[in-house]
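Okay, here's what each chain looks like letter by letter:
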Amino acid sequence: MASLSLKHIYKKYPGGVTAVSDFCLEIQDKEFVIFVGPSGCGKSTTLRMIAGLEEITEGELYIGDKLMNDIAPKDRDIAMVFQNYALYPHMTVYENMAFGLKLKKTPKEEIKRRVEEAAEILGITHLLDRKPKAMSGGQKQRVALGRAIVRNPKVFLLDEPLSNLDAKLRATMRTELTKIHKRVGTTFVYVTHDQVEAMTMATRIVVMKDGLIQQVDTPQNLYDKPVNMFVAGFIGTPQMNFINAVLEKKEEDVYISFEGYSLKLPHEKATDPAIQDYIGKEVVAGIRPECIHDEPIYLSTMSENVIDVSVDVTELMGAEIYLYLSIGEQNATARVSSRSQARAGDTISVAVEAGRIHLFDKDTQKYIIH
């Protein structure tokens, strides 16, 4: 097994286009690290540089303690699973999974043992004699994973492997991939634009934007302590609400004021040294949709932080309802109980959990307090 070390990696294309800038990351042995970000942020390019499919313009890549910059892909002891599966249509599942081992002149008995072992792990033993055209997307995905597993690589690289599957199958495969990672006990580096995949599977997430790392952390820390507005807005469904506001101090208390309303910050936030320089200035308040409530119990227990809003649209999601709200000239989304009686066109009162509000600098978009 192996760790990875990416030291000041750059990818520059002719014409002055820089796809990845100063990428520094240490990946520990057996970690499940996921690169996430919008299209064009450089996550797949970084994965391809690890695989050796893209040349590194500057910087150093180590797998274990070995420098890999000039090592051919086939000699890096990695296995890559692609978005489109890349299976050979004229070969059976068994032949597809065995192909790489045959090229390495692996003995037949060893090939048979490894293929059957991988098929057992993936639950595809009954498919070994089938050809790809006779299989579903989920089955093809398992075969592609099996082809990687039989090679016993030091590192698995997965490039958006679930994006071609339907929503239900994606959810199932997320669970399967987590189980496979634990059973195989290998380092996984995974690329996706889907933050749900990242949040549910990763031991650590690398959030990227415009070729730059924004934050590297555990899923929970990314959610609770985003370093800037981009990360805060990217992680979480529905995304965090951003409200333009002013910080005001009245006697010993600090309030977030916007659209004629004031939300009182709890004592520990009001006395945090980080906010003192922002008193009287504009800030951006970040409020998660689940921190806005319309149930009577919240309205009574959090009465000093209740505001009136207009309901524009409601979306019933089954166990919960998304309310799309107008607060004066600004918009917000609330995630409330399916028991909510709010309807489009209503004006309702909502309570805001001020203790869970994030504050961001309006100019730099970096966090002030969480």
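Refer to the structure presented above.
Because the structure is predicted, anything quoted here is derived from the model rather than measured.

Caption draft 1: Quick peek at the overall build of the protein. For the protein, the count of helices and strands is ten helices and 21 strands. Taking the principal axes of its C-alpha atoms as reference, the protein extends roughly 80 × 45 × 35 Å. In the protein, which comprises 370 residues, the share counted as buried stands at 48%. When contacts within the protein are restricted to residue pairs at least 6 apart in sequence, long-range pairs at least 24 apart make up 66% of them. Just so you have it, the protein exposes about 17,600 Å², and 48% of that area is on carbon and sulfur atoms. Looking at the protein, you have 45 positive and 50 negative side-chain charges, and the mean spots of the two groups are 11 Å apart.

Caption draft 2: Highlighting the nonpolar core. Ranked by internal contacts, the top residues of the largest apolar core, which has 46 residues, are Val93, Met97, Ile124, Leu145, Leu158 and Tyr190. Residues contacting Ile124, with those up to four places away along its chain left out, are Val93, Met97, Ala119, Arg142 and Val143. Listed in part, the 35 residues of the second largest apolar core include Ile243, Phe258, Ala342 and Ile348.

Caption draft 3: Up close: the pairing of strand 7 (residues 155-159). Burial analysis of strand 7 places five of its five residues in the buried class, which makes it a mostly covered element. Burial along strand 7 is two-sided: the face carrying Val155, Leu157 and Asp159 and the face carrying Phe156 and Leu158 are both buried. Relative to strand 7, strand 6 (residues 78-81) runs parallel, the two being bridged by four bridges. By the bridge assignment, Val81 is partnered in strand 7 with Leu158.

Caption draft 4: Highlighting the sheet that holds strand 19 (residues 347-352). The strand order 15-19-16-17-18 describes an open sheet built from five strands, whose pairing is antiparallel. The sheet is open, and its two borders are formed by strand 15 (292-293) and strand 18 (330-337), each paired with just one other strand. Where strand 16 (residues 306-316) meets strand 17 (residues 320-327), six bridges bridge the pair, whose relative direction is antiparallel. The residue of strand 17 that forms the bridge with Val311 is Leu325.

Caption draft 5: Summary view of the state of the cysteines. The tally for this structure, following the rule as stated, stands at zero disulfides. A disulfide-free cysteine, Cys24 has its sulfur positioned 16 Å from the sulfur of Cys41, the nearest such atom.

Caption draft 6: Seen up close, the environment of Ala144. Its location among the elements puts Ala144 in helix 4 (residues 137-149). Owing to a relative accessible area of 3%, Ala144 belongs among the buried residues under this scheme. Measuring from C-alpha to C-alpha, the distance between Ala144 and Pro161 comes to 9.2 Å, with 17 residues separating the pair along the chain. Ala144 has contacts with Val81, Tyr85 and Leu87, leaving out every residue within four places of it along the chain.

Thresholds applied
Residues numbered from 1 in each chain as written. Predicted model: local features only at pLDDT ≥ 70, side-chain atom pairs only at ≥ 80, totals over all residues. Heavy atoms only, no water. Helix = DSSP H or I, 4+ residues; strand = E, 2+ residues; numbered from the N terminus. Buried < 20%, exposed > 50% of the residue type's maximum accessible area, 1.4 Å probe, protein only. Contact = heavy atoms within 4.5 Å. Areas by Shrake-Rupley, 256 points an atom, 1.4 Å probe, with all protein chains shown as cover. Lys, Arg positive; Asp, Glu negative; His and termini not counted. Charge placed at Lys NZ, Arg CZ, Asp CG, Glu CD. Core = buried A, V, L, I, M, F, W, Y, C linked by side-chain atoms within 4.5 Å. Pairing = 2+ DSSP bridges. Disulfide = S-S within 2.5 Å.

By themselves, these observations are geometric and do not establish any function.
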